[in-house]
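# Remarks on the overall topology
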Amino acid sequence: MNQQTRLDAPLPFIDVAAQRRRLGTRIDDAIARVLGHCQFINGPEVRELERDLSAFCGAKHSIGVSSGTDALVLILMALGIGKGDAVLCPSFTFSATAESVVLVGATPVFVDVLEATFNLDPASLACGIETARRLGLKPKAVMVVDLFGLPADYEAITRIAQQHGVKVIDDAAQSFGATYHNRKIGMMGDVTATSFFPAKPLGGYGDGGAVFTDDDDLAALVISLRNHGAGTEVYDNVRIGMNGRLDTIQAAVLIEKLRIFADEIATRDRIARRYNELLGDVVTVPQVPSGFGSVWAQYTIRLAAGERDLFAATLRQQGIPTAQYYPKPTHKQTAYLDYPVADGGLAVTEKLAGEVISLPMHAYLDEATQDRIATAVRGALRG
Ligand SMILES: Cc1ncc(COP(=O)(O)O)c(C=O)c1O
């Protein structure tokens, strides 16, 4: 019997091992090739992956870097953002979004999200830009997060950003592979960052990330900054950079994973739609606006406030893991309490933080297992 279909077997939240079984010796061979040539840093697989990523998403430049967080930091450094500057950020996201802003010495100004999509609210963005100015900060960029794999409303956001001369950075750590009106993530705004953290839709076997842009000058700066600010002459560094490189072994793994990524995305989408059919009558399920394509980094439902802990415990007893992204929005976390929030406040963010819960989601979730999860969810809600 399939391990997943045994009625009481504990399920993985994301089944990285099932994907590993599918890829089999292709991964072993890819890693063995790196072990053969020993170019562990800046090896040929890094350039090959960068070419493959550009072919996949359409961005002119794809630049492999050490993590999603470093991708964001490198972008902010390349844009010359620092002290006295404000970067508008959602608070309903992983903390690395705002962390990267603080790391370059700028100030995150927290902005609210829309209840229907969990993504940045353009009206709150406009308020946040005014808040930043009132505080004497220069609004330089907005960091748009495509939460749980669903692209934000780029048309509305870019309109406001352009009105105010603010750059659009896509924090696509969760959304690489998603689409927005027939364009792939990697082509939105001025520049995009993604993460190859193992649990991401396209994840490596360790940390990694990438920067995408069509801007030649920006790309050249990021390439220099990821390698300590290197210039054209060896050991004449021309700017202060960092070690932000992607390891060759990670690139080799990602080349193999990218080959099956489109197929995995289609499967994830089928699974998410099936969850919606199985659960849509008993709980608030995620909706994808017309023209948008989610890569379903998470499948996240909403419960009434106060229901979540008992719900999670009931599922856990049946071997079904859940996760809460994010129970405490960034602006409520200890390290971020002193940073400003947009005028009008973050009421939606604070409400969602008490309601959201994510169910197991990956491309290797078979129908029997999904039925088991859906039955448990329905039972827990009745209880
Ligand atoms: C929205 C968002 N931004 C940034 C990051 C940071 O990526 P990494 O863990 O690769 O540094 C993550 C990772 O979880 C994320 O979800």
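Scroll up a little and you will see the structure.
Presented here is an overview of the structure given in this document.

The next subject is a negative patch on the surface. A contiguous patch of negative charge, built from Asp 190, Asp 214, Asp 215 and Asp 217, is present on the exposed surface. Within the fold, Asp 215 resides in the loop between β9 (209-213) and α8 (216-225).

With that settled, consider the pattern of salt bridges. Under the defined criterion, the tally for this structure stands at 19 salt bridges. Overlapping salt bridges bring together Glu 115, Arg 302, Lys 351 and Glu 355 as one network.

The next subject is helix α5 (residues 96-103). Along an α-helix, residues three or four apart share an orientation, since each turn contains 3.6 residues. When we look at burial in α5, the residues that qualify are Ala 96, Thr 97, Ala 98, Ser 100 and Val 101. In this structure, the buried residues of α5 make contact with α4 (68-78), β2 (85-90), β3 (107-111), β4 (138-145) and β5 (167-171). Looking at the residues trailing α5, positive phi occurs at Gly 105, about 90°.

Attention shifts here to the site of the ligand. Among the 14 residues in the neighbourhood of the ligand, the closest are listed as Gly 68, Thr 69, Asp 171, Ser 195 and Lys 200. Contacts to the ligand include Gly 68, whose backbone N or O atom sits 2.8 Å from an oxygen atom. Residue Ser 195 places a side-chain N or O atom 2.7 Å away from an oxygen atom belonging to the ligand. In the complex, 92% of the free accessible area of the ligand, which totals 390 Å², lies under the protein chains. Counting only elements with at least two residues in the shell around the ligand, the list comes to α4 and α5. Of the residues that constitute the shell around the ligand, the class distribution is four nonpolar, eight polar and two charged.

With that out of the way, let us pick up the pairing of strand β1 (residues 61-65). In terms of residue burial, β1 counts as a mostly covered element, since four of its five residues are buried. Bridge count for β1 against β9 is five bridges, and the pairing is antiparallel. Bridging across to β9, Ser 62 finds its partner in Phe 212.

In this section: empty space enclosed by the protein. Under the criterion given, the structure shown has three cavities of 30 Å³ or more. By volume, the largest cavity is sized at about 140 Å³. Along the wall of the largest cavity there are 15 residues; nearest its centre are Ile 14, Gln 19, Lys 200, Pro 201 and Arg 268. When contributions to the lining of the largest cavity are tallied by element, the ones reaching two or more residues are α1 (16-23) and α10 (261-279). When its residues are assigned to classes, the lining of the largest cavity shows seven nonpolar, three polar and five charged.

In this section: the layout of surface pockets. Remark: the empty space left among the atoms is shown by a probe the size of a water molecule rolled over them. As a volume, the largest pocket reaches approximately 480 Å³. Lining of the largest pocket is provided by 23 residues; of these, Phe 94, Gln 174, Ser 195, Phe 197 and Lys 200 occupy positions nearest its centre. The biggest single contributor to the lining of the largest pocket is α4, with three residues. If you go around the second largest pocket, the residues you meet are Asn 42, Ala 220, Ile 223, Ser 224, Arg 226, Asn 227, Ala 230, Gly 231 and Arg 245. Looking at the lining of the second largest pocket residue by residue, the classes come out as three nonpolar, four polar and two charged.

Next up on the list: the packing of aromatic side chains. Summed over all chains, the structure comprises 16 aromatic pairs. Summarising the aromatic geometry, the rings of Phe 176 and Phe 261 are spaced 6.2 Å apart at their centres and angled 5° between planes, so their arrangement reads as stacked. Here Phe 176, found in the loop between β5 and β6 (179-180), pairs with Phe 261, found in helix α10; they are 85 residues apart in sequence, far enough to count as distant. The same class applies to Phe 176 and to Phe 261, which are both buried. Geometrically, the ring pair formed by Tyr 180 and Phe 292 is edge-to-face, given 5.0 Å between the ring centres and 75° between the ring planes. Residue Tyr 180 is found in strand β6, and its partner Phe 292 is found in strand β10 (residues 292-293); the two are separated by 112 residues along the sequence.

Attention now moves to the state of the cysteines. Scanning the entire structure with this criterion turns up zero disulfides. You can see Cys 89 has no disulfide; the closest cysteine sulfur is in Cys 127, sitting 16 Å from it. The exposure class assigned to Cys 89 is buried, which follows from its relative accessible area of 0%.

Moving on: the packing of α4 against α5. It is the contact of α4 with α5, at a shortest axis distance of 9 Å, that shows an interaxial angle of 40°. With respect to α5, the element α4 is oriented oblique. The two elements α4 and α5 meet at a crossing, and its hand is right-handed. Contacts between α4 and α5 pair Thr 69, Leu 72, Val 73 and Leu 76 from the former with Ala 96, Thr 97, Glu 99, Ser 100, Val 101 and Leu 103 from the latter. The class makeup of the residues in the contact of α4 with α5 is six nonpolar, three polar and one charged.

About the thresholds
- Residues numbered from 1 in each chain as written.
- Predicted model: local features only at pLDDT ≥ 70, side-chain atom pairs only at ≥ 80, totals over all residues.
- Heavy atoms only, no water.
- Patch = residues over 30% accessible without salt bridge, like charges linked within 9 Å, V, L, I, M, F, W, Y side chains within 5 Å.
- Areas by Shrake-Rupley, 256 points an atom, 1.4 Å probe, with all protein chains shown as cover.
- Salt bridge = Lys/Arg side-chain N within 4 Å of Asp/Glu carboxyl O.
- Lys, Arg positive; Asp, Glu negative; His and termini not counted.
- Charge placed at Lys NZ, Arg CZ, Asp CG, Glu CD.
- Helix = DSSP H or I, 4+ residues; strand = E, 2+ residues; numbered from the N terminus.
- Buried < 20%, exposed > 50% of the residue type's maximum accessible area, 1.4 Å probe, protein only.
- Contact = heavy atoms within 4.5 Å.
- Near = heavy atom within 4 Å.
- Polar contact = N/O pair within 3.5 Å; in protein donor to acceptor, adjacent residues only side chain to side chain.
- Nonpolar A, V, L, I, M, F, W, Y, C, P; charged D, E, K, R; others polar.
- Pairing = 2+ DSSP bridges.
- 1 Å grid on protein atoms, 1.4 Å probe; cavity = no way out; pocket = protein on both sides within 12 Å on 5 of 7 lines; lining within 4 Å.
- Points joined across faces, edges and corners; volume = space filled by probe spheres on them.
- Phe/Tyr/Trp six-rings, centres within 6.5 Å; stacked < 30°, edge-to-face > 60°.
- Disulfide = S-S within 2.5 Å.
- Axes fitted to C-alpha atoms, helices over the stretch in contact; angles between N-to-C directions.
- Parallel < 35°, antiparallel > 145°, perpendicular 65-115°, else oblique.
- Left-handed = near helix turned anticlockwise from the far one by under 90°.

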